[in-house]
Amino acid sequence: EAIIRCEGLRKTYGSVEALKGLNLTVYPHSIFGLLGPNGAGKSTTIKLLTRQIRPTSGQAWVAGASITSAKADVRARIGYLSEQPALYTWMSGQEFLDFTGELFGLSARDRRRRRDELLELVGLTAAARRRIGSYSNGMRQRLGIAQALVNRPEVLFLDEPVSALDPIGRKEILELFQRLKGEATVFFSSHVLADVDRICDAVAVLNRGELLVQASITELKERY
Ligand code: ADP
Ligand code: ADP
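What you see is a predicted model; the values in this text were computed from it and never measured. (Residues numbered from 1 in each chain as written. Chains lettered and ligands numbered in written order. Predicted model: local features only at pLDDT ≥ 70, side-chain atom pairs only at ≥ 80, totals over all residues. Heavy atoms only, no water.)

Chemist: Help me out: how do you make sense of the site of ligand 1 in this one?
Modeler: Around ligand 1 lies a shell formed by Tyr-13, Val-16, Ala-18, Pro-37, Asn-38, Gly-39, Ala-40, Gly-41, Lys-42, Ser-43 and Thr-44. Within the backbone of Gly-41, a nitrogen or oxygen atom sits 3.0 Å from an oxygen atom of ligand 1. Contact between ligand 1 and Ser-43: an oxygen atom at 2.7 Å from a main-chain N or O atom of the residue. Relative to its unbound accessible surface of 560 Å², ligand 1 loses 59% to contact with the protein. Those elements giving two or more residues to the shell around ligand 1 turn out to be strand 2 (16–26) and helix 1 (42–49). Considering every element that reaches the shell around ligand 1, the biggest residue donor is helix 1, with three residues. For the shell around ligand 1, the class distribution of residues is five nonpolar, five polar and one charged. (Near = heavy atom within 4 Å. Polar contact = N/O pair within 3.5 Å; in protein donor to acceptor, adjacent residues only side chain to side chain. Areas by Shrake-Rupley, 256 points an atom, 1.4 Å probe, with all protein chains shown as cover. Helix = DSSP H or I, 4+ residues; strand = E, 2+ residues; numbered from the N terminus. Nonpolar A, V, L, I, M, F, W, Y, C, P; charged D, E, K, R; others polar.)

Spelled out as structure tokens, the structure:
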């Protein structure tokens, strides 16, 4: 049973056809990589699947619900990390996750528990009381991932999560994705083949709004 399915998903911005009828299937508890050069339509795809924008035509389902349905509860089952996440640099990592838990309506006890669990998961326990302003880019990105997970989403969408990182930061995030598989399906975009080929269970390659290929990594390696 698929956790994400796109059928003929299309998006135009004026005369720009950003996505030209995308068909895609993603299975639960997998790491899915959306690969493609700048302008390929990766952000557009992620924005559509997280309901930030609406399709021009076509349809998609995420975690059992259509992306065009008005049911509010589905949003809570999806986590999203933008390419440039906004973090409150004056807060400590711990305060930031607490604050996020409060926004989601968790009780003080539940937020503390979730916060500590997530700090551990993303490897920020030792830095929990430090100001975010003093964090490295990689640490900020890991905190952004923790924030997106506070509400226990079934699917986590990340737009170019490793593009701005150095090789060590990149490796840490990719390893973290592997640990996340038990918690959620990870759907992330990248323009670098090396990021997806090592850790993804399946990949799709986009170019100019068109799907060039969707396959498991094993299939891809046999074919190319
Ligand atoms: P990617 O994330 O792969 O770089 P995008 O989805 O951001 O690609 O963009 C796909 C195409 O749509 C590009 O040509 C881009 O310039 C265009 N585009 C994206 N967002 C907008 C927008 N809000 N208005 C007009 N054109 C846009
Ligand atoms: P990305 O590489 O993630 O697509 P961009 O720098 O291309 O990021 O785009 C940043 C923001 O500007 C996005 O919200 C995108 O939708 C929007 N955008 C991209 N291209 C255009 C465009 N040609 N006209 C208007 N907005 C655009």
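Chemist: Before we go on, may I ask you to explain the sheet that holds strand 8 (residues 185–190) in this structure?
Modeler: The pairing of strands in a sheet comes from backbone hydrogen bonds and takes either a parallel or an antiparallel form. Pairing within the open sheet is mixed, and its six strands lie in the order 6-7-8-3-9-10. At either margin of the open sheet sits one strand with a lone partner, and together these are strand 6 (78–81) and strand 10 (210–216). This sheet shows a mean twist of 15° between the axes of neighbouring strands, independent of strand direction. Pairing of strand 3 (residues 31–35) with strand 9 (residues 202–207), which is carried by four bridges, proceeds in the parallel orientation. Within strand 9, the residue paired with Leu-34 across the bridge is Ala-204. (Pairing = 2+ DSSP bridges. Axes fitted to C-alpha atoms, helices over the stretch in contact; angles between N-to-C directions.)

Chemist: I tried to follow the site of ligand 2 on my own but got confused; where do I start?
Modeler: In the vicinity of ligand 2, the contacting residues are Asn-38, Ser-43, Lys-47, Glu-83 and Asp-159. Here Lys-47 contributes a side-chain N or O atom positioned 2.6 Å from an oxygen atom of ligand 2. Measuring from an oxygen atom of ligand 2, one finds a side-chain N or O atom of Glu-83 at 2.7 Å. Burial of ligand 2 by the protein chains amounts to 26% of its free accessible area of 550 Å². Its residues assigned to classes, the shell around ligand 2 shows no nonpolar, two polar and three charged.

Chemist: So what exactly am I meant to see when it comes to the nonpolar core here?
Modeler: Across soluble globular proteins, you tend to see nonpolar side chains buried next to one another. Within the largest apolar cluster, 43 residues are counted, with the highest numbers of intra-cluster contacts made by Leu-124, Ile-145, Leu-158, Phe-177, Leu-180, Phe-188 and Cys-200. Element by element, the count of residues in this core is highest for helix 4 (residues 137–149), at six residues. With near-sequence residues (within four places) excluded, Phe-177 lies in contact with Ile-31, Ile-145, Leu-158, Pro-161, Val-186, Phe-188 and Ile-199. Among the nonpolar cores identified, the runner-up in size contains 25 residues, and Cys-6, Leu-24, Phe-32 and Ala-202 belong to it. (Core = buried A, V, L, I, M, F, W, Y, C linked by side-chain atoms within 4.5 Å. Buried < 20%, exposed > 50% of the residue type's maximum accessible area, 1.4 Å probe, protein only. Contact = heavy atoms within 4.5 Å.)

Chemist: How should I be thinking about the packing of aromatic side chains in this particular structure?
Modeler: The relative placement of two aromatic rings is captured by the distance of their centres and the angle of their planes. Here the structure, examined in full by the defined rule, presents six aromatic pairs. Between the aromatic rings of Tyr-88 and Phe-96, the centroid separation amounts to 5.9 Å while the plane-to-plane angle is 80°, which identifies the pairing as edge-to-face. The exposure class assigned to Tyr-88 is partly exposed, which follows from its relative accessible area of 33%. Assessed through its relative accessible area of 1%, Phe-96 is described here as buried. Seen from their ring centres, Tyr-88 and Phe-99 are 5.7 Å apart, and the 70° between their planes marks the pair as edge-to-face. Remark: Phe-99 occurs in helix 2 (residues 93–103) and Tyr-88 occurs in the loop between strand 6 and helix 2; sequence separation between them is 11 residues. When the ring centre of Trp-61 is taken as origin, the NZ or CZ atom of Arg-5, which lies over that ring, is 5.0 Å away. (Phe/Tyr/Trp six-rings, centres within 6.5 Å; stacked < 30°, edge-to-face > 60°. Lys NZ or Arg CZ within 6 Å of the ring centre and 35° of its normal.)

Chemist: Teacher, can you tell me more about the pattern of salt bridges here?
Modeler: Side-chain pairing between opposite charges can occur once the charged atoms of the two side chains come close. A complete count under the given rule lists 15 salt bridges for this structure. Arg-115 is the salt-bridge partner of Asp-98, the closest N and O atoms lying 3.0 Å from each other. Here the residue Asp-98 occupies a position in helix 2, and Arg-115 occupies one in helix 3 (residues 108–121), the gap between them amounting to 17 residues. Between Asp-116 and Arg-115 there is a salt bridge; the shortest N-O distance is 3.0 Å. A relative accessible area of 10% means that Arg-115 is categorised as buried. Through salt bridges that share partners, Asp-98, Arg-111, Arg-115 and Asp-116 make up one connected network. (Salt bridge = Lys/Arg side-chain N within 4 Å of Asp/Glu carboxyl O.)

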